[in-house]
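# A look at the structure
Here is what each chain is made of, one letter per residue.
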Amino acid sequence: MTDVHRAAVLHASGTDGVEYYADGAIGVGPGGRIESVGPWREPSAEARVHDHRPALLVPGLIDTHFHIPQIDARGRYGLPLLQWLDRHVYPAERACADPETARNMARRAFQSLLAHGTTTVAAYTSCHVQAAHAAFEEASAAGIRAVIGNPLMDRETPPDLRAGVEALAACEETAARWEGKHGRLFYAFTPRFAVSCTPALLASAAEAARRTGCRIMTHLAENEEEVRRVTELFGGDRSYTAVYASHGILAPGTIVAHAIHLSGEDCESLARTGTAVAHCPSSNFFLKSGRMDLSMLDNHDVTIGLGTDVGAGPSFSLWETMRDMLYTNDTTPERAFSSATRGGAEALGLWDRIGDFSPGKEADFCVYDVPPGLTAGSESRPDEMIAGLIFTEGGARPREVWIGGRRIFSGG
């Protein structure tokens, strides 16, 4: 039986464009895939109609950078990146050596993401293998889509949190169990950042990702002190980006977070290798790391998604992250919205499945109340609708969240 969802319908039609139907409908087939999108038309008698009016349907948001162990470390203010890691983050990750602590954090993280309209997340766990398995199990139970990886580190980090080349066998076993599970769970090899990884670990992680067909997640050029330390550790006059390129990290299926302190040559390297960027404006604000030059990356056609970067990012809401993107860049609400949906799908290599309402894609969408002062009518401007959601106090919250055509969350 086809399910027809009637409401105002809004999705990104390009990097800066949106498509809007004041009285629209999404047709979803029995397999949870979109069969049609467009203006409302009376469906066949066999169809099951879900009338959400006067609400608004938008694609599920896609968070391209998130740290599960840091959900309770949000708001720890006043330190730059490397000191902040030592003071707040590594103790939080150390606690995940306890499997039940890791499981509890994952459960709370996924429920909080769903409550804020995020249907897909790229999430770091702690270095512990059992923490990764717990995260996958909780993601499976929650119904969320997730790319998950446990950070690899073998230097300049606490000894009890190190996971080097010897840990890759366990990572590959985790990948074999979870990669592609349910069509919505995926593993990523996750060398944390160049400061914490020896050359051997970077190269071995890249090779393991190629061998298994999995993604890579890491951080790039977030903080000036970090960039200087990479130069000291790897020598020569190579940039941070060049270090990753020389060790095979840059490739299609790799997503690097932050990418603030880059040159035009670095951007060209990201684009040429098909490496995507997770833009984390809220986190960049919070740690005073700097401002990503969106226009420079755009000029080189680098794929860009948005990330909350919880816990340096203080909010689970990608709507609030979109707000900070607008504050730090000369851009538009439509562009921010596209980055949080279409851009995220492209960055995570899931554009064939999610990101907009194109027929054939999986039906991931959220039901929102129309922002105050606006109506879902033919005279409505979609840019105002998006801006209203972005600037809703505390970030817009969905009434309902649907993933793969199934309602998995209700905000009441």
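This write-up is about the structure you can find in this document. (Residues numbered from 1 in each chain as written. Predicted model: local features only at pLDDT ≥ 70, side-chain atom pairs only at ≥ 80, totals over all residues. Heavy atoms only, no water.)

## Let's talk about the pattern of salt bridges
Applied cut-off: Criterion for a salt bridge: a side-chain nitrogen of Lys or Arg within 4 Å of a carboxyl oxygen of Asp or Glu. The numbering of helices and of strands both runs from the N terminus, where a helix is a DSSP run of H or I of at least 4 residues and a strand a run of E of at least 2. Here the term buried applies to any residue with accessible area under 20% of the maximum for its type, exposed to any over 50%, and partly exposed to those in between, with areas from a 1.4 Å probe on protein chains only.
Taken as a whole and judged by the stated rule, the model has 29 salt bridges. Measuring nitrogen to oxygen at the nearest pair gives 2.5 Å for the salt bridge that ties E137 to R103. A residue pair is termed long-range when its members are at least 10 positions apart, and E137 in helix α3 (residues 129-142) and R103 in helix α2 (residues 99-115) qualify at 34 residues. The partner of E400 in a salt bridge is R407, with the nearest N and O atoms 3.3 Å apart. E400 sits in the buried class, given a relative accessible area of 15%.

## As for the environment of L220
We count it as follows: Contacts between residues were defined by any pair of non-hydrogen atoms, one from each residue, lying within 4.5 Å.
Turning to its location among the elements, L220 is positioned in strand β10 (residues 215-220). On the basis of relative accessibility, which here comes to 0%, the residue L220 falls in the buried class. Sequence spacing of L220 and I255 is 35 residues, and the spatial spacing of their C-alpha atoms is 9.5 Å. Contact partners of L220, with chain neighbours within four places excluded, come to Y240, T241, Y244, V256, A257, H258, A259, I260, L262 and L270.

## Looking at a nonpolar patch on the surface
The condition is simple: Grouping into patches uses exposed residues only, defined as over 30% relative accessible area, and leaves out salt-bridged ones; the cut-off is 9 Å for like charges and 5 Å for nonpolar side chains (Val, Leu, Ile, Met, Phe, Trp, Tyr). With residues, only the protein chains shown are counted as cover, and all accessible areas are computed by Shrake-Rupley using a 1.4 Å probe.
A contiguous nonpolar surface patch, about 350 Å² in accessible area, is contributed by F285, Y327 and F391. Position of Y327 relative to the elements: it lies in helix α11 (residues 318-328).

## Examining the side chain of S315
Note the following rule: Polar contact criterion, stated in full: a pair of N or O atoms within 3.5 Å, where within protein one must be able to donate a hydrogen and the other to accept it, and residues adjacent in sequence count only if both atoms are side-chain atoms.
For S315, the location among the structural elements is in the loop between β13 (304-306) and α11. For S315, a relative accessible area of 15% translates into the label buried. A distance of 2.6 Å separates a polar atom in the side chain of S315 from a polar atom in the side chain of E320. Those residues in contact with S315 that lie beyond four places of it in its chain are T308, V310 and E320.

## Things to note about the packing of aromatic side chains
To be explicit about the condition: Within 6.5 Å between ring centres, the rings of Phe, Tyr and Trp (the latter by its six-membered ring) count as paired, and their orientation is classed by plane angle as stacked under 30 degrees, edge-to-face over 60, tilted in between. The criterion for a charge sitting over a ring is simple: Lys NZ or Arg CZ within 6 Å of the ring centre, and within 35 degrees of the ring normal.
Scanning all chains against the criterion turns up ten aromatic pairs. With centroids separated by 5.3 Å and ring planes inclined at 55°, the aromatic side chains of Y240 and Y244 adopt a geometry described as tilted. Placement of both Y240 and Y244 in helix α7 (residues 240-246) is noted, with a separation of four residues, approximately one turn of the helix. Ring centres of W319 and Y368 lie 5.6 Å apart, and the angle between their planes is 90°; this geometry places the pair in the edge-to-face category. Highlighted residues: W319 in helix α11 and Y368 in strand β14 (residues 365-368), separated in sequence by 49 residues. Following the ring pairs from residue to residue traces out a cluster consisting of F136, W178, Y187 and F189. When the ring centre of W351 is taken as reference, the NZ or CZ atom of K361 above it lies at 3.0 Å.

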